[in-house]
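An overview of the molecular structure
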Amino acid sequence: MVPPAVPSSPSSQYTQQFLNSVLSQRGPEALPYSEDLKWLIRQHLLALIEAYPSLQPKTGIFTHNDGRTVYLLQADGTVPMLFQGVTYNIPVVIWLMESYPRHPPLVFVNPTRDMIIKRPHPFVNPSGIVAIPYLQSWIYPSSNLVELARNLGHYFSRDPPLYSQRRPNPNPSPTPNPSPSTSASFPNSASIGSHSPAIRPAIPPPRAFPQSPYGTGSGSERVMDDPSEVYKRNAINKLVENLHSDILGLRKAREADMDGMFNAQSALKLRDVQLSNGLKEMQDEKEGLEQQLQMVLMNSDLLEGWLKENEAKVMNLGVTNVGVDEEVFEPCDALSKQMLECTASDLAIEDVVYSLDKAVQDGAIPFDQYLRIVRLLSREQFFHRATASKVRAAQMQAQVANMASKASQYSL
């Protein structure tokens, strides 16, 4: 993580105000970064400006390969590098893409008119896109812009990506002053395809770039590298490539492990929800069963009390055998007795019909005999139900008459 940058000059304070303004915008003009990461993006840029004042934050419109345009932050300016004991400034544009800082930024080398990109170059393609190991092994949240700029200077020092088409002054300034770029656009291969020969300046340009190690003039001006240095540089490049390949393989393996762990975490969370729901249902069912058990126990107590009370009465009356079918229920009047008989007959016929249904399904009786018996029983059942309906109506009339007589007595 990058420590918070503390503004130490009016320029730094202006930069901080600029970042606060653009990162706090809402609506259509809001930058497309995640809200929970905007503070970290601000700190990354402030730390970068503090360490490399030649890079300044800006906003610009970036065009993707599919034609989409998006409003993004960028760091535009120069990155210092040391080549053959002389400090040079490489113009770059660092675009903070929509997924930054979870994913690395997009870095372009931004040559001026009198500069060309070296072809081939191990870290810069002809369009100016930079691909150094630090970008390819970007790890969130430890990777940051300060380390990126430091790595850019390191790899550019090993193999400069830009060369000036002008011949350098015989006595160049060892540390030319940086001149940050003010352009908000990124380079493309069409902008550096051809250049007319430049006139040799009287003084070195603001950014001096080393001539090609293989020379740009006649045979007498060509400068060859030391074979031992070339071998050493190639060996270092090979080691860096192997290390980068190993890091990529290890990163892919770790990402696969993390994906498996995330999947397992999702499955465990789903099971946790299912278990919680199941446990809640079981607790609710337990409470319902406990309530039912209380009702059963209460009814049992009532029945036991009723049995004890009636057993005592039976013992007092001297009755030893009670007929369940005949003497348990005693109608209070003729209508009640008739209702009891009709209801009993109706239910008995219902049981017989049910038994006949089972018998015909099992093949115990012929179907025609089944129909004949059911027809007779249904006729008898109809008469019982009709009688019960009339008795019920008579009982209701008797009850209404009884209530009316009582009301008249109360009125007298």
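Residues numbered from 1 in each chain as written. Predicted model: local features only at pLDDT ≥ 70, side-chain atom pairs only at ≥ 80, totals over all residues. Heavy atoms only, no water.

Rule in force here: UniProt positions are given in the numbering used here, feature names are shortened, and annotations may be inferred rather than shown by experiment.
Per an unreviewed UniProt entry, the protein goes by the name UEV domain-containing protein and belongs to Cuscuta campestris. In its Sequence similarities (unreviewed entry) section, the UniProt entry covering the protein states "Belongs to the ubiquitin-conjugating enzyme family. UEV subfamily." What UniProt records for the protein under Subcellular location (unreviewed entry) is the sentence "Endosome".

**Observations concerning the overall build of the protein**
Selection criterion: Secondary structure follows DSSP: runs of H or I at least 4 residues long count as helices, runs of E at least 2 residues long count as strands, and numbering of each begins at the N terminus. Partly exposed residues are those whose accessible area sits between 20% and 50% of the maximum for their type, while under 20% is buried and over 50% is exposed, using a 1.4 Å probe and protein chains only. Any two residues whose heavy atoms approach within 4.5 Å are treated as being in contact. Each accessible area value is a Shrake-Rupley result obtained with a 1.4 Å probe; residue values ignore everything except the protein chains displayed when judging cover.
When its secondary structure is counted, the protein shows eight helices and six strands. Its helices and strands in sequence order give the protein the pattern α-α-β-β-β-β-β-α-α-β-α-α-α-α, from N to C terminus. By the burial criterion, 30% of the 412 residues in the protein qualify as buried. Residue pairs at least 24 apart in sequence account for 65% of intrachain contacts in the protein once pairs closer than 6 positions are excluded. Total accessible area computed for the protein in this model is approximately 27300 Å², and 58% of it derives from carbon and sulfur atoms.

**Focus on the packing of helix α2 (residues 38-51) against helix α4 (residues 145-158)**
To be explicit about the condition: Axis geometry follows a simple rule: fit a line to the C-alpha atoms, using only the stretch in contact for helices, then measure angles between N-to-C directions, giving values from 0 to 180 degrees. The labels follow the angle: roughly parallel below 35 degrees, roughly antiparallel above 145, roughly perpendicular from 65 to 115, and oblique for the rest. Ten residues, namely Ala, Val, Leu, Ile, Met, Phe, Trp, Tyr, Cys and Pro, are considered nonpolar, four, namely Asp, Glu, Lys and Arg, are considered charged, and the remaining ones, Gly among them, are considered polar.
The contact between α2 and α4 brings their axes to 8 Å, and the two run at 40°. Between α2 and α4, the crossing angle belongs to the class labelled oblique. For the pair formed by α2 and α4, the contact residues are His-44, Leu-45, Ala-47, Leu-48 and Ala-51 on the first element and Leu-145, Val-146 and Ala-149 on the second. The class makeup of the residues in the contact of α2 with α4 is seven nonpolar, one polar and no charged.

**Considerations on helix α7 (residues 334-362)**
The criterion, for reference: In this scheme, a helix's expected span is set at 1.5 Å multiplied by one less than its residue total.
The terminal C-alpha atoms of α7, which comprises 29 residues, lie 42 Å apart, in line with the 42 Å expected from a rise of 1.5 Å per residue. Of all the residues in α7, the buried ones are Met-339, Cys-342, Asp-346, Ile-349, Val-353, Leu-356 and Ala-359. Positive backbone phi, at 80°, marks Gly-363, one or two positions downstream of α7.

**With respect to the pattern of salt bridges**
Selection rule: Salt-bridge detection follows one rule: a side-chain nitrogen of Lys or Arg within 4 Å of a carboxyl oxygen of Asp or Glu.
If you walk through the whole model with that rule in mind, you get twelve salt bridges. Note that Arg-26 is salt-bridged to Glu-35, the shortest N-O span being 3.2 Å. Across the pair Asp-346 and Arg-385 runs a salt bridge, and its minimum N-O distance is 3.0 Å. Separated by 39 residues along the polypeptide, Asp-346 in helix α7 and Arg-385 in helix α8 (residues 367-411) bring together distant segments of the chain. A residue is classified by how much of its surface remains accessible, and Arg-385, at 43% relative accessible area, is partly exposed. Three or more residues joined by partner-sharing salt bridges are found here, namely Arg-26, Glu-35 and Lys-38.

**Some points on the packing of aromatic side chains**
For any pair of aromatic rings, the description rests on two quantities: the centre-to-centre distance and the angle between the ring planes. The test is simple: Pairing of aromatic rings covers Phe, Tyr and Trp, the last counted by its six-membered ring, and requires centre-to-centre distances within 6.5 Å; plane angles under 30 degrees mean stacked, over 60 mean edge-to-face, and any other angle means tilted.
Inspection of every chain in the model, using the stated rule, returns six aromatic pairs. Chaining the aromatic ring pairs together yields one cluster made of Tyr-100, Tyr-134 and Trp-138.

**Topic: the UniProt feature "coiled-coil region" (unreviewed entry) in the protein**
Residues given the UniProt feature "coiled-coil region" (unreviewed entry) here are residues 272-299. Structurally, residues 272-299 is divided into 100% helix and 0% strand, and its ends, taken at the C-alpha atoms, are 40 Å apart.

**As for unusual backbone geometry**
Cis geometry marks the peptide bond from Tyr-100 to Pro-101, where omega comes out at 5°. Following the sequence through the fold, Pro-101 ends up in the loop between β3 (86-96) and β4 (106-109). Here the amide bond leading from Arg-119 into Pro-120 is cis, since omega sits at -10°, within 30 degrees of zero. Among the structural elements, Pro-120 can be located in the loop between β5 (115-117) and α3 (133-136).

**So, the pairing of strand β2 (residues 69-83)**
Let me state the cut-off plainly: When DSSP locates at least two bridges between a pair of strands, those strands are taken to pair.
Of all 15 residues in β2, eleven are buried; the element is thus mostly enclosed. When strand β1 (residues 55-63) meets β2, the two strands line up antiparallel, connected through nine bridges. Each bridged residue has a counterpart across the sheet, and for Pro-57 the counterpart in β2 is Ala-75. Connecting β1 to the next strand, β2, in antiparallel fashion are five residues, including Gly-67 with a positive phi near 95°. If you look at the hairpin formed by β2 and β3, you'll find two residues sitting between the two strands, and Gln-84 has a positive phi there, around 50°.

**Here's the deal with α4**
Structural remark: α-helix, 3.6 residues per turn; residues separated by three or four positions point the same way. Where we set the bar: By the criterion applied in these results, polar contacts are pairs of N or O atoms within 3.5 Å in which, for protein atoms, one can donate a hydrogen and the other can accept it, and in which residues neighboring in sequence qualify only through two side-chain atoms.
Across its 14 residues, α4 extends 20 Å between first and last C-alpha, which sits within 8% of the 20 Å expected from 1.5 Å per residue. Burial analysis of α4 places ten of its 14 residues in the buried class, which makes it a mostly covered element. Regarding α4, the residues found buried are Leu-145, Val-146, Leu-148, Ala-149, Asn-151, Leu-152, Gly-153, Tyr-155, Phe-156 and Arg-158. Looking at where α4 begins, the residue whose side-chain oxygen comes 3.2 Å from the main-chain nitrogen of Val-146 is Asn-144.

**A few points about the sheet that holds β2**
Here we have four strands laid out as an open sheet, ordered β1-β2-β3-β4, and antiparallel in their pairing. Whereas interior strands pair on both sides, the edge strands pair on one side only; in this sheet they are β1 and β4. If you compare each strand with its neighbour and ignore which way they point, the axes differ by 35° on average. Strands in contact with α2 are β1, β2 and β3; relative to β1, the strand with the most contacts, it is inclined by about 130°. Across the sheet, α4 touches β2, β3 and β4, and the angle it forms with β2 is around 45°.

**Here's the deal with the confidence of the model for the protein**
Put simply, the test is: Looking at any residue, its pLDDT shows the predictor's confidence there, from 0 to 100.
Looking at the protein, pLDDT values average 79 and 78% of them are 70 or higher. Contacts of residues 1-7 to residues separated by more than four positions or lying in other chains number 16 contacts, the stretch itself having pLDDT below 50.

**Observations concerning a nonpolar patch on the surface**
Where we set the bar: Patch membership requires more than 30% relative accessible area and the absence of a salt bridge. Residues of like charge join within 9 Å; the nonpolar side chains Val, Leu, Ile, Met, Phe, Trp and Tyr join within 5 Å.
On the surface, Met-295, Met-298 and Leu-302 cluster together into a nonpolar patch covering about 320 Å² of accessible area. Tracing the backbone through its elements, the reader meets Met-298 in helix α5 (residues 227-317). On the basis of relative accessible area, Met-298 is assigned to the partly exposed category, the value being 44%.

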